[in-house]
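Take a look at the letters that make up each chain.
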Amino acid sequence: MKAALFHGSGKPLEVTEVPTPEPKAGEILVKVAACGVCHTDLHYLDHNVPTFKQPPMILGHEPSGIAAGIGAGVKDFKEGDRVLLPAVLTCGYCYNCRIGKENICDNMVMFGNHVDGAYAEYVIAPAKDTLHLPEEVPLEEGSIIADAISTPYHAVVNRGEVKAGDNVVVFGCGGVGINAVQIAAAVGASVIAVDIVPEKLELAKKFGAQEVINAKETERIDKVVKKMTGGGADVTFEVIGNPATIQAAFACIRKGGRTVVVGYTDKKVELPAAKIMFFEQEIVGSLGCRPVDYPKIIEMVRTGKIKIKELVTGKFPLEKINDAFDLLRSGEPTVLRSIVTP
Ligand code: APR
């Protein structure tokens, strides 16, 4: 099969022939229809972050496709089935899996990191983690559900516990944040979107934001939000990964409000402990998504409550995968998600 091989940081991916893998017992061979091109891969490609599997290996953790081979003992899947693979596989037996927090599984295995991913014609997946994709969900665009949609879904629904009528602020309307905007709006919240790029704010309006704030032109976002919401937001999301915006997001919540940190930073963040105690304000993190949420997400996509076609702004054949990464590196503001279609 054709695959884009990762040879280590600083080197372009090499599209070449490799042996097609065979599904073992409990596994499915998936003919990849599409795989989302994610920022996470730039950590490996550009920033020396090592993959768990030694290169040469295959990146790509946002795949959809067609079941093309069924391993021994696999029930409920047959060749030709439309399938979606989650970005991360969970063990099912560690403490966190046992208590229903599989998204923080102690033994998680990520496609395109611990095992070969889907920048290839075929990928192998355990049947226990594979999901059926209904006919109404477009096969190629459906690939982005696996990370770009599932991560903000968990943040909004499980960690933010956003309810209909809540006032919500989303800081950062990039690939992940724009979906926090649309999912919060889909569950009935009034959403204020914050970004520094006007094009992103325009997109946020298209994806359901009632109000937008350009952080470059606004010194005290908390004051503006408190005025707009009559006292502060119920829930705010930081989807950038910056201590200053985590503080700003926390400053926007009302008494009893909650800030959800979705963006990653390795820096420390100073927050007013008195407000956490005296105002019962909460700060929580959010990572990935639990397997149990996927059927709900797929249903929201199937019924059009979550838009996906509008999110895919570029399609690249496997041979052009390095162009897809160059586009991602360019930071072009109208690029939401590119997919590779092997
Ligand atoms: N204030 C408001 N918005 C900002 C600011 C700021 N100070 N700085 C950057 N932004 C906006 C950018 O303009 C961009 O629209 O934040 C957005 C970040 O989006 P992306 O770069 O597309 O990143 P994304 O893939 O969405 O990931 C964001 O979430 O899951 C995590 O690891 C991921 O930390 C990353 C974060």
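Residues numbered from 1 in each chain as written. Predicted model: local features only at pLDDT ≥ 70, side-chain atom pairs only at ≥ 80, totals over all residues. Heavy atoms only, no water.

Some words on the overall build of the protein chain
- Counting its secondary structure elements, the protein chain contains 10 helices and 18 strands.
- C-alpha extents for the protein chain along the principal axes are approximately 60 × 40 × 35 Å.
- Counting all 342 residues of the protein chain, 52% fall into the buried class.
- For the protein chain, long-range pairs separated by at least 24 residues make up 68% of all intrachain contacts whose partners lie at least 6 apart in sequence.
- Carbon and sulfur atoms form 53% of the exposed surface of the protein chain, whose accessible area is close to 15300 Å². (Helix = DSSP H or I, 4+ residues; strand = E, 2+ residues; numbered from the N terminus. Buried < 20%, exposed > 50% of the residue type's maximum accessible area, 1.4 Å probe, protein only. Contact = heavy atoms within 4.5 Å. Areas by Shrake-Rupley, 256 points an atom, 1.4 Å probe, with all protein chains shown as cover.)

Thoughts on the environment of Ile240
- Among the structural elements, Ile240 can be located in the loop between β14 (233-238) and α7 (243-251).
- Through-space distance from the C-alpha of Ile240 to that of Val170 is 9.7 Å; in sequence the pair is 70 residues apart.
- Aside from chain neighbours lying at most four places away, what touches Ile240 is Phe171, Gly172, Thr245 and Gly263.

Points about the packing of aromatic side chains
- Per the stated rule, a full pass over the model turns up 2 aromatic pairs.
- Ring plane angle 85° and centroid distance 5.9 Å describe the contact between Tyr119 and Phe325, whose orientation is recorded as edge-to-face. Taken as a pair, Tyr119 in the loop between β8 (109-110) and β9 (122-126) and Phe325 in helix α10 (residues 321-330) lie far apart in primary sequence, 206 residues in all.
- Given the relative accessible area of 0%, Phe325 is considered buried. (Phe/Tyr/Trp six-rings, centres within 6.5 Å; stacked < 30°, edge-to-face > 60°.)

Some thoughts on the site of the ligand
- Within the structure, the ligand sits among 18 residues, and His39, Gly175, Val176, Asp195 and Tyr264 are positioned closest to it.
- In the model, an oxygen atom of the ligand is placed 2.9 Å from a nitrogen or oxygen of the Val176 main chain.
- Within the side chain of Asp195, one N or O atom sits 2.6 Å away from an oxygen atom of the ligand.
- Contact with the protein chains covers 73% of the free accessible surface of the ligand, which is 730 Å². (Near = heavy atom within 4 Å. Polar contact = N/O pair within 3.5 Å; in protein donor to acceptor, adjacent residues only side chain to side chain.)

Topic: the domain arrangement of the protein chain
- Annotation of the protein chain at the domain level lists domain 1 (2-147 + 289-341) and domain 2 (150-285).
- Between domain 1 and domain 2, the C-alpha centre-to-centre distance is 28 Å.
- Taken together, the contact pairs 19 residues of domain 1 with 19 residues of domain 2.
- Our enumeration of links across domain 1 and domain 2 arrives at 0 salt bridges.
- The tally of links from domain 1 across to domain 2 stands at 9 residue pairs in polar contact (both at pLDDT 80 or more).
- Tallied by class, residues from the side of domain 1 that touches domain 2 come to 11 nonpolar, 1 polar and 7 charged. (Domains from an automatic or database assignment. Salt bridge = Lys/Arg side-chain N within 4 Å of Asp/Glu carboxyl O. Nonpolar A, V, L, I, M, F, W, Y, C, P; charged D, E, K, R; others polar.)

Here we look at the pairing of strand β3 (residues 27-37)
- Buried residues dominate β3, accounting for 10 of its 11 residues.
- Direction of pairing for β3 relative to β9: antiparallel, over a ladder of 5 bridges. For Glu27, the partnering residue across the bridge sits in β9 and is Pro126.
- Pairing between β3 and strand β5 (residues 63-70): 7 bridges, direction antiparallel. Within β5, the residue paired with Leu29 across the bridge is Gly69. (Pairing = 2+ DSSP bridges.)

Quick look at helix α4 (residues 177-186)
- Of all 10 residues in α4, 8 are buried, a share of seventy percent or more.
- Listed as buried for α4 are Gly177, Ile178, Asn179, Ala180, Val181, Gln182, Ile183 and Ala184.
- Against the buried residues of α4 lie α3 (150-159), β11 (167-171), β12 (190-195) and α5 (198-206).
- Of the residues one or two after α4, Gly188 is the one with positive phi, at around 105°.

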